[in-house]
Every structure is written in C-alpha cells, then in structure tokens.
Amino acid sequence: MKFYKNVDLSRIKVLSFDLDNTIYDCQSVLTAAENWLTAFLCEKFSLGGECLEYAFWAKIKSEILHQNRELANDVGYLRALSLVEAFNRLKLPLKGGIDEATEYVNEFVIHRSSGVVHDDVHELLKKLKAKYRLIAVSNGNLDPKILGVNHYFEYDVRPKMYELQCKPHEDMFNHAAALMGVKKDEMLHIGDDPYTDVYGAVKSSIPCAWIYKGYTGISPDERHLKHLPEIVLNNVLELEALLL
C-alpha cells in the first residue's frame, strides 16, 4: 500500500467500485463468453472459415465503434449492431434484425456475468457495507445479480448513450456522487484501470484507490497512468487494513 496524495479518509462516506477485474477475474470469464458466442453462432448458422475465430466478430465490433464512438456508452447495443453487420457481410441477414441480435447478446451477458467472486472478497464487501455506503460504477455490461454482488450496492451506475458518458468522462462519477448525496471528497473510488478509473476519478475531483494491475495482475500498469491516484493497493483485500 502506498499513499501518493493527502487524503482524509475520515471524511469518506461512500465507496464507489469498478467491478470487472477489480473484485473478480473478469478476463478469463469474458474470453470464455466470447468463445461461447462464437461457437453458438457458428453452430446455429452453420458457419465456418474465419467465423470460427472470435477475432472475426471482434474486428467488426471494433469497426462499428470506430464509426460511432458514442456506442462506447452502450457496449451491449454495440455488440448487437456488430452482429447485424457481420451477418449482412456474410450475406445471411438476421431475419429478426437488431431484436434477434439483442437476444444473442443477452445470452452472452449471462455467460459474461458468470464469474466467481471469492469468499474473502464477499467477506470484505460485507464488512465495508456495514461501515460505508457502496455504489457500483462500471463501463461494462456485467449483470451484478448473476455475479452475486448486487446486494452490496445501493446503485449500479452504467453509461447510457446520449445521457451518461463512460469512464473516464466525469459524467458517471458526478452522477454517483449526486445519487448518494455526498460531496466528492466524501467518496472514494476503487478500480483497476489507470485510465478509466484513476484518470476518471482524479479529473472528477474524487479520491481514488487504484488496485495495481487489478485482481489477477493483468490490468494495465503505471505506464498507462495520466495522473497519480491518492492510494495504490497491491490487491483489493488491502481495503480492510485501509478502511476498517
């Protein structure tokens, strides 16, 4: 644990949590979900060749996002649009269009949310909730109920197209503070990403505890920092020593 800036922890009333790669291993679950979606689509539509690799679907999703950056604020809709475009390119247009694609994305989200939060993290969140108010602030389309953590958080703040821009924009941080009815220096943001979490919180004037390299040690490191956080933790469990 390291402190880079002065922060009065006695003022903290609310803890805002990023979820993916902060309280559990998201990457392995996400990779498995993407592989499931690839296999599901290939089997359902008898696809072969380059379609058998997730890279085919990912490339089209990236192209769609490049054409409209606002879609970063709704990753589920982005994925659905990319499926519609992919099948158009394959000359197999989805009969149900965007609605059909959304059904497949909803199934994907179930797989993508089927991670494991270890008992020690559950115990930590339970203890933190007894002392602080907790709110989730995440860019992804994880379903906290499926993950089994929804009951810890009063609100689940996500970006919304044309309303709330994704982290590191200030929108979600400001919205979280407003929802909880606290001043910005009364909230501590906890996350793994040096850009979306640290940079986003710092430029929103909200103190930040950065989980260095994330839950599994694969998140971006200090080379990606734009601003220093108030606190750096080696793992999320150090929150107990810091706050309890």
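Throughout what follows, the structure given in this document is the object of discussion. (Residues numbered from 1 in each chain as written. Predicted model: local features only at pLDDT ≥ 70, side-chain atom pairs only at ≥ 80, totals over all residues. Heavy atoms only, no water.)

## Points about the packing of helix α2 (residues 54-67) against helix α3 (residues 75-89)
With their axes 9 Å apart at the nearest point, α2 and α3 run at an angle of 115° to one another. It follows that α2 is roughly perpendicular to α3 by the angle criterion. As for how α2 packs across α3, the hand of that crossing is right-handed. Contact residues: Tyr54, Phe56, Trp57, Ile60, Lys61, Glu63, Ile64 and Leu65 in α2; Leu78, Arg79, Leu81, Ser82, Leu83, Glu85, Ala86, Phe87 and Arg89 in α3. Looking at the contact of α2 with α3 residue by residue, the classes come out as 11 nonpolar, 1 polar and 5 charged. (Axes fitted to C-alpha atoms, helices over the stretch in contact; angles between N-to-C directions. Helix = DSSP H or I, 4+ residues; strand = E, 2+ residues; numbered from the N terminus. Parallel < 35°, antiparallel > 145°, perpendicular 65-115°, else oblique. Left-handed = near helix turned anticlockwise from the far one by under 90°. Contact = heavy atoms within 4.5 Å. Nonpolar A, V, L, I, M, F, W, Y, C, P; charged D, E, K, R; others polar.)

## With respect to the packing of aromatic side chains
Applying the stated rule across the entire model yields 9 aromatic pairs. Between Phe56 and Trp57, the aromatic rings sit 5.0 Å apart at their centres with planes inclined by 85°, giving edge-to-face as the arrangement. Overall, Trp57 belongs to the buried group, its relative accessible area being 6%. Positioned above the aromatic ring of Phe45, the side-chain terminus of Lys44 is 5.9 Å from the ring centre. Across the ring face of Tyr199, the terminal group of Lys226 is positioned such that the distance to the ring centre comes to 5.8 Å. (Phe/Tyr/Trp six-rings, centres within 6.5 Å; stacked < 30°, edge-to-face > 60°. Buried < 20%, exposed > 50% of the residue type's maximum accessible area, 1.4 Å probe, protein only. Lys NZ or Arg CZ within 6 Å of the ring centre and 35° of its normal.)

## So, helix α7 (residues 171-180)
The complete set of buried residues in α7 reads Met172, Phe173, Ala176, Ala177 and Met180. Across the axial projection of α7, the buried residues extend over an arc of 135°, all falling on one side. Taken together, the buried residues of α7 touch β2 (14-17), β3 (133-137), β4 (156-157), β5 (187-191) and α8 (194-203). A positive backbone phi angle near 65° is found at Gly181, which sits one or two residues after α7. (Arc of directions from axis to C-beta.)

## Digging into the sheet that holds β2
Reading across the sheet, the 7 strands line up as β1-β7-β6-β5-β2-β3-β4 and stay open at both edges, with mixed pairing between neighbours. The sheet terminates laterally at β1 (2-3) and β4, the two strands that pair on one side only. Looking at chain direction, β2 and β5 are connected through 4 bridges and run parallel. Its bridge partner lying in β5, Leu15 is registered against Leu188. The strands touched by α7 are β2, β3, β4 and β5; relative to β3, the strand with the most contacts, the crossing angle is about 150°. (Pairing = 2+ DSSP bridges.)

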